[in-house]
Amino acid sequence: MTRDTLGVVIPCYNEGAWIRRCVDALHLAAERADWPLDVLVVDDGSGPETAAIIDDLAAAGRVRVLRQANAGRLAARLNGLLDGDTEHVFLLDSRVIVSADSLVPLRRHLTEEPASAWNAHVEVMSEGNPYAAFMYGITKVGWRAYFKQPRIVRFGPEEFDSYPKGTGAFAAPRATLIEASREFDSLFADQRFASDDTKMLRNVAAITPIGIDPAFTVDYYGRDSAERWLKQVYFRGTTFVDGYVGTKGRAVALLGALGVALPVAGLVTVKRPAIAVAGVSVATVAAAAATRASGGTARESASVAALLVPFTAVFGSGFVRGLLMAARR
């Protein structure tokens, strides 16, 4: 493997409908950037349909394959990082499609600053998908410092909670990612629920500032059915506990608000349902307005208003599960 080769680690669990599209887009972008690739798909215990597609990609020379029993994305990524030898690694999720020209600016950044780390600018594909529109809308509210005016930014531990980041499309030196992974300490005994995005990247930010460049762009395709979306929301409620308990800054305020608001809301709903209905109405209007003010589209704002109540209930349930799991450990 040449020093110039970009390593790519793609954890995959039952994403047969997406993994081929993800890999094809990745290779096209690499050709545009004239960048050799070493693509490793870590099959995290997928079923036979997805496994067969991964094997086809390997037979065509598009990927290498590493298989493990289902252990979650954190374990899959770490095993993938330890398997290769390229200087830089691009962590990529199978539902993320790399834009055709987006590896050109990434290669420039890593060439000019080999020790730097870069998070992709993520565009959520939400047309015809209210669930994806909702998630993109609340993301823009949470990280409005960036989404109101997307531009090249760099941030460290102090500004970590103010900017979007995630291991779904993230590039950095392999050594940095391995160090950050090994420093990771989950609150949960079951690592499948570990907050591999937040805690690991917080460790990266402590080593080197993380950059975002709107020219380094990927498209994300979120869950498109109520059942899949609700499962994702429940899971994220749990991982939120792992990602933010024990941290400083606005995350502490949000954790406190959840810890107080959820039981109070439940009590009010039972004792004073009329007040609860009025409160929900005010909250949905306020959330929709905040989405619009944070750079969200009309579609995203409408989805936030429509889905805020089920999101809050299911996310809150996952949050409670996370607290119980942390307490048990």
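These remarks concern the structure in this document. (Residues numbered from 1 in each chain as written. Predicted model: local features only at pLDDT ≥ 70, side-chain atom pairs only at ≥ 80, totals over all residues. Heavy atoms only, no water.)

## Digging into the overall build of the protein
Step number 1: Within the protein, the regular secondary structure consists of 12 helices and 9 strands.
Step number 2: Considering only intrachain contacts with a sequence separation of at least 6, the fraction spanning at least 24 residues in the protein is 79%.
Step number 3: Total accessible area computed for the protein in this model is approximately 14,900 Å², and 59% of it derives from carbon and sulfur atoms. (Helix = DSSP H or I, 4+ residues; strand = E, 2+ residues; numbered from the N terminus. Contact = heavy atoms within 4.5 Å. Areas by Shrake-Rupley, 256 points an atom, 1.4 Å probe, with all protein chains shown as cover.)

## Observations regarding the pairing of strand E2 (residues 37-44)
Step number 1: When you tally the buried positions in E2, you get 7 out of 8 residues, the bulk of the element.
Step number 2: Two strands pair when backbone bridges link them, and strand E1 (residues 6-12) and E2 are joined in this way by 7 bridges, in the parallel orientation. Residue Pro-11 lies in a different strand from E2, and its bridge partner there is Val-42.
Step number 3: In this fold, the crossover linking E2 to strand E3 (residues 64-68) by way of helix H2 (residues 48-59) has right-handed handedness. (Buried < 20%, exposed > 50% of the residue type's maximum accessible area, 1.4 Å probe, protein only. Pairing = 2+ DSSP bridges. Right-handed = clockwise from strand over helix to strand, strands pointing away.)

## Considerations on the packing of helix H5 (residues 130-142) against helix H9 (residues 226-244)
Step number 1: In the contact formed by H5 and H9, the axes pass within 10 Å of each other and the chain directions differ by 25°. When the axes of H5 and H9 are compared, the pair comes out roughly parallel. Side by side, H5 and H9 meet where Tyr-131, Phe-134 and Met-135 of the first sit next to Ala-226, Trp-229, Gln-232 and Arg-236 of the second.
Step number 2: Residues belonging to the contact of H5 with H9 are distributed by class as follows: 5 nonpolar, 1 polar and 1 charged. (Axes fitted to C-alpha atoms, helices over the stretch in contact; angles between N-to-C directions. Parallel < 35°, antiparallel > 145°, perpendicular 65-115°, else oblique. Nonpolar A, V, L, I, M, F, W, Y, C, P; charged D, E, K, R; others polar.)

## Topic: the side chain of Asp-43
Step number 1: Summarising the element assignment, Asp-43 is placed in strand E2.
Step number 2: Among the polar contacts made by the side chain of Asp-43, one reaches the side chain of Ser-46 at a distance of 2.8 Å.
Step number 3: Look past the residues within four positions of Asp-43 in its chain and what remains in contact with it is Cys-12, Ala-51, Ile-54, Leu-66, Arg-67 and Gln-68. (Polar contact = N/O pair within 3.5 Å; in protein donor to acceptor, adjacent residues only side chain to side chain.)

## Considering the side chain of Arg-174
Step number 1: Note on placement: Arg-174 falls in helix H7 (residues 174-182).
Step number 2: At 5.2 Å, Asp-38 is the nearest oppositely charged side chain to Arg-174, a buried residue that forms no salt bridge.
Step number 3: Discounting residues that sit within four places of it in the chain, Arg-174 has contacts with Gly-7, Gly-80, Leu-81, Gly-84, Asp-85, Thr-86, Glu-87, His-88 and Val-89. (Lys, Arg positive; Asp, Glu negative; His and termini not counted. Salt bridge = Lys/Arg side-chain N within 4 Å of Asp/Glu carboxyl O.)

## Looking at the packing of H7 against helix H8 (residues 198-207)
Angle between the axes and distance between the axes: these two values describe a pair of packed helices.
Step number 1: Here H7 crosses H8 at 125°, and the two axes come no closer than 8 Å. In this view, H7 runs oblique relative to H8, as classed from their interaxial angle. The two elements H7 and H8 meet at a crossing, and its hand is right-handed. Contacts between H7 and H8 involve Thr-176, Leu-177, Glu-179, Ala-180 and Ser-181 on the former and, on the latter, Met-200, Asn-203, Val-204 and Ile-207.
Step number 2: Residue classes in the contact of H7 with H8 are distributed as 5 nonpolar, 3 polar and 1 charged. (Left-handed = near helix turned anticlockwise from the far one by under 90°.)

## Some thoughts on the packing of aromatic side chains
Step number 1: Counted by the stated rule, this structure contains 14 aromatic pairs.
Step number 2: Look at Phe-155 and Tyr-163: their rings are 5.4 Å apart centre to centre, the planes differ by 15°, and that puts the pair in the stacked class. The same class applies to Phe-155 as to Tyr-163, namely buried.
Step number 3: Site record: aromatic cluster; members linked through ring pairs are Tyr-131, Phe-134, Trp-229, Phe-240, Tyr-244, Phe-311, Phe-315 and Phe-319.
Step number 4: The ring of Tyr-221 is capped by Arg-21, whose NZ or CZ atom sits 4.7 Å from the centre of that ring.
Step number 5: One Lys or Arg, Lys-165, reaches over the ring of Phe-160 and ends 4.2 Å from the middle of that ring. (Phe/Tyr/Trp six-rings, centres within 6.5 Å; stacked < 30°, edge-to-face > 60°. Lys NZ or Arg CZ within 6 Å of the ring centre and 35° of its normal.)

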